[in-house]
Amino acid sequence: MTKLHPRVCLIILLSLVSLPLLAQQSLPQLTRIDESDANITLDGFVDESVWEDIPVVDGMRVINPDTLAETPYDTHVRMFYTERGIYLSAINYQPSGTLVARMTSRDTQLDRDGFVFGIDASGDGLYGYFLRINLGDSMTDASLLPERQMNMQWDGSWNGRTQALDDGWSVEYFVPWSMMPLPQVDDVRQIGFYFERQVGHLGGEAWSNPALPRTVNEYLSAFEKYELRDIEPRRQLTYYPFSSTVIDNISNETEFKVGSEIFWRPTTNTLLSATLNPDFGNVESDDVVVNLTAFEVFFPEKRSFFLEGQDIFNTSPRTSGRGGPGGPISLLNTRRIGGAAIYDVPDDVNVVATDLSRPTELLGAAKLAGQNGNWRYGVLVASEDDTEIRGSLDDGTRIDLQAEGRDFTIARVLYEDTGAGGRRSLGWMGTDISHPDIEATVNSIDAHYFSADNRWVVDGQIMHSDVQGITGSGGFADVSFRPQRGVQHTLRSTYIDDTLDINDLGFLTRNDQMNMDYNYSRTESDVPGIRERSTSIFFSNQWNTQGQPVRMGLFFNRSYTSLDNNSFDYSLRYFPERIDDRLGRGTGDFRIQARWGANFGYSTNRAESIAYNINLNLDQDELGPARTRGSAGIVWRPNDRFSTDLRLDYTDREALLVHRGDGDYTSFESHQWSPRLETNYFISAKQQLRFTAQWTALKAFEDRFWRVDPSQRDFLQPVSNPDTTPDDFVISRLTFQARYRWEIAPLSDLFVVYTRGSNLPRDSFDTFPTLLEQSWNDRIVDTIAIKLRYRLGS
């Protein structure tokens, strides 16, 4: 047996000991420069002397379409950091005369020349940020959770500028440390970075480094890791004082308000925020929706206080509705906070409906979010003010109705581990509402797994509710497997009993469900003559807990994207016979016959100065007769500063089914028009004039009458007309908004907004043009709002 010399043994031992150190030292190091030496003027020109000594990063590959081919043009990216934050510049080379710049509202997704800077602030793929600036300085940003969960409602305090050049265009970024939480470390930390470029004249083709097309599971965790030293930003204190004035032209009242939001970061990984005398008056309006179903419509949060630091409260991809059909499953829907008050209205008191649905003022709210090692946590508390509205008796006597405000408490703890490759996490979340008429508590445990080979993704959650002593439970598990790039299998299972209730503070479309859905998707970028072909097959298999099918379906979808970025798609659908157990609101279930459907759509390249789209949907109503929906839209952008977008939807239904109470139904022949117009003019990238008008009008004429058989689950039975009074009805709702916005500085804005709205009585039968005129004239909302919000501090 051969003996090793002791010196050789020592060398081998030292080599083994040094392997972990070598692995740590293999990360590229980002250059650090003192802020006083940087002297960056953020104007988009990469002409400061400091850039000359910063190494260039390129290496981009084509990710859309998913070819991973080398790019035809160079992209020179440079970045460094200071004690204040990160500076990045990029020179995007391309031939002169090919630039595509389009100014849009923040977070508008549009094919054009743009650059994305992605940041994995955790260094372990746990949370990060997506920051995009387009040629012309329009911005898009989002917070990121694994792997590609984007909260597009979030807005950050970063800044950037672009400039057109003779041989392309350039961009400069500044991202402050105060914008992001950073794990506590002794000296050396790692942060992941991602660079992406979109080229408008190539049909919106996208390139990135690292190359992460949407056909792979990994995204945030695969950002290129860099090593940074000596980052210990000072304690950050930022506050946003505001003042607002609202002039109500209906009540002839004027309201003045001042207040502030405060954000304090005592350490790099902790954020404490509070709002004092908050003004949550929206400068955005929700879409106009006509909902005649038994299910609630979900509207996203738009208030900045609730969006900042909110990601810790997201318990799964289903929180944002990405877990499949049926809407989100979320324990926290912050739109409930400050929602309509709880009034006890006597039967003999008349109240204006808009007063009952009016948002509630908040006394205040506070939020804490932080991290300690592998643990992350968050707490949110909010308290509503008491409210009062006016009612009246039939004889005109005035009655004042009071409602006591609610108190909300939300807490979250999450443990995450990335030590052995992949990602594993386990979390708890609890919510509580306190009110004299409501006591509601919800608890949940969620678990997540992302395999080291990036093929398997598992998300699961169990929930328990206790509302006024009535308890319920439920849970779900989603499994995704990607055997190869471009191919994915997804299985989603759900069980929720009929007493789980999370909707006092969360959102759940329905309880009483047990589901097993399967989805197969395939994206191909190597089909001759086209840019991309996508195919999906989806099987929906949803039952209630009594063992009755409530949503069954088989769907085949295919889309084609041409080389010039036009697209055509179609889908075929089959719905087997099922049970409707919701429309009757407890008066009896009934059977729905099997139905077929198809959809066809075509759209042209949105980067062109004129783009249009058409869509046709052919299917059947619940009773079997045809339902036809068509839409068409056109966008005109004669230059980079002006755009107008017109969309028109029309729906024709032969048997719109409406429950009239006590198991009685009427089917209506209905016609619905829904036009929407939006016009934008940008004085500059930071000053915008926007006009939006949305109207929806439906006229329904009674046709046939039906009754449910309470003794058995059968098809609805036809009956004779129960009375001589027609049940015909009209819905006509309009919202118009004219808005001026000046972004004075990052997250500092001046708004001047005029809002006008209407909701005509249901007996307002007339022609559609006359209904539109009446909707404009018969206002129930007519306000002018002026709001100034300015960011101060570090």
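Given the structure is predicted, the values throughout are model-derived calculations rather than measurements.

### Looking at the pairing of strand β6 (residues 128–134)
Counting buried positions along β6 yields seven of seven residues, so the element is predominantly enclosed. The side-chain alternation of β6 yields two buried faces, one formed by Gly 128, Phe 130, Arg 132 and Asn 134 and the other by Tyr 129, Leu 131 and Ile 133. In the sheet, strand β5 (residues 114–120) pairs with β6 via six bridges, with the strands oriented antiparallel. Counterpart to Val 116 in the pairing with β6 is Arg 132.

### Side note on the sheet that holds strand β4 (residues 85–93)
Strand order in the open sheet formed by five strands is β1-β3-β4-β10-β9, and the pairing between neighbours is mixed. Here the strands that pair on one side only, and so sit at the sheet edges, are β1 (31–32) and β9 (159–165). Looking at chain direction, β9 and strand β10 (residues 168–176) are connected through seven bridges and run antiparallel. Pairing of Gly 160 across the sheet is with Tyr 173, part of β10.

### A word on the domain arrangement of the protein
In terms of domains, the protein is made up of domain 1 (35–229), domain 2 (295–384 + 423–511), domain 3 (522–579) and domain 4 (582–793). Computed over C-alpha atoms only, the centres of domain 2 and domain 3 are separated by 28 Å. For the pairing of domain 2 and domain 3, the buried interface totals around 600 Å² over both sides, and the portion due to carbon and sulfur atoms is 54%. Between the two partners, domain 2 and domain 3, sit one residue pair in polar contact (both at pLDDT 80 or more). Residue composition of the side of domain 2 that touches domain 3, by class: four nonpolar, two polar and four charged.

### Some remarks on the side chain of Asp 141
Relative to the helices and strands, Asp 141 is located in strand β7 (residues 139–145). You can call Asp 141 buried: its relative accessible area is 0%. A polar side-chain atom of Asp 141 sits 2.5 Å from a polar atom in the side chain of Arg 106. A polar contact of 2.9 Å, which involves the side chain of Asp 141, links it to the side chain of Trp 158.

### Let's talk about the packing of aromatic side chains
Counted by the stated rule, this structure contains 33 aromatic pairs. Arranged with centres 4.7 Å apart and planes meeting at 40 degrees, the rings of Tyr 87 and Phe 174 form a pair that is tilted. One end of the pair, Tyr 87, is in strand β4; the other, Phe 174, is in strand β10, with 87 residues separating them in the sequence. Of the two residues, Tyr 87 and Phe 174, both sit in the buried class. Between Phe 117 and Tyr 173, the ring centres sit 5.6 Å apart and the planes meet at 70 degrees, which makes this aromatic pair edge-to-face. Here the residue Phe 117 occupies a position in strand β5, and Tyr 173 occupies one in strand β10, the gap between them amounting to 56 residues. Residue Tyr 173 is classed as buried on the basis of its relative accessible area, which comes to 0%. Site record: aromatic cluster; members linked through ring pairs are Phe 115, Phe 117, Trp 158, Tyr 173, Phe 193, Phe 195 and Tyr 226.

### Observations concerning the nonpolar core
By size, the foremost hydrophobic cluster in this structure holds 41 residues, and its most contacted members are Phe 115, Phe 117 and Phe 193. Listing elements by their share of this core, those giving two or more residues are β3 (75–81), β4, β5, β6, β7, β10, β11 (188–199) and β13 (224–229). For Phe 117, the contacting residues outside a window of four places in its chain are Met 79, Ile 86, Leu 88, Tyr 129, Phe 130, Leu 131, Tyr 173, Val 175, Phe 193, Tyr 194 and Phe 195. Listed in part, the 28 residues of the second largest apolar core include Ile 337, Leu 362, Met 463 and Val 467.

### Remarks on the sheet that holds strand β18 (residues 350–351)
Spatially, three strands are ordered β18-β21-β22 in an open sheet, and the strand pairing comes out antiparallel. Looking at which strands have only one partner, the edges of the open sheet turn out to be β18 and β22 (398–403). Summarising the sheet, β18 and strand β21 (residues 387–392) pair through two bridges and their orientation is antiparallel. Bridged to Asn 350 within β21 is Ser 392.

### Quick notes on the environment of Leu 771
With respect to the secondary-structure elements, Leu 771 resides in helix α5 (residues 768–777). Residue Leu 771 is classed as buried on the basis of its relative accessible area, which comes to 0%. Sequence-wise, Leu 771 and Ile 502 are 269 residues apart; in three dimensions their C-alpha atoms are separated by 39 Å. Once residues lying within four places of it in the same chain are set aside, the contact partners of Leu 771 are Trp 695, Lys 699, Val 730, Ser 732, Leu 760, Ser 764 and Asp 766.

### Here's the deal with α5
Where α5 is concerned, the buried positions are Phe 768, Leu 771 and Ser 775. Projected down its long axis, α5 shows its buried positions confined to an angular sector of 50 degrees, all on one face. Exposed positions of α5 whose direction lies more than 90 degrees from the buried face are Pro 769 and Glu 773. For α5, the secondary structure elements touched by its buried residues are β40 (664–684), β41 (687–707), β43 (729–745) and β44 (748–759).

### Points about the side chain of Asp 137
Mapped onto the secondary structure, Asp 137 falls in the loop between β6 and β7. Despite its burial, Asp 137 remains without a salt bridge, the nearest opposite charge being carried by Arg 161 at 4.3 Å. Only 2.7 Å separates the side chain of Asp 137 from the side chain of Thr 162, close enough to count as a polar contact. With residues near it in sequence (within four places) discarded, Asp 137 still touches Arg 161, Thr 162, Ala 685 and Lys 686.

What counts as what
- Residues numbered from 1 in each chain as written.
- Predicted model: local features only at pLDDT ≥ 70, side-chain atom pairs only at ≥ 80, totals over all residues.
- Heavy atoms only, no water.
- Buried < 20%, exposed > 50% of the residue type's maximum accessible area, 1.4 Å probe, protein only.
- Helix = DSSP H or I, 4+ residues; strand = E, 2+ residues; numbered from the N terminus.
- Pairing = 2+ DSSP bridges.
- Domains from an automatic or database assignment.
- Buried area = accessible area lost by both parts, 1.4 Å probe.
- Polar contact = N/O pair within 3.5 Å; in protein donor to acceptor, adjacent residues only side chain to side chain.
- Nonpolar A, V, L, I, M, F, W, Y, C, P; charged D, E, K, R; others polar.
- Phe/Tyr/Trp six-rings, centres within 6.5 Å; stacked < 30°, edge-to-face > 60°.
- Core = buried A, V, L, I, M, F, W, Y, C linked by side-chain atoms within 4.5 Å.
- Contact = heavy atoms within 4.5 Å.
- Arc of directions from axis to C-beta.
- Lys, Arg positive; Asp, Glu negative; His and termini not counted.
- Salt bridge = Lys/Arg side-chain N within 4 Å of Asp/Glu carboxyl O.

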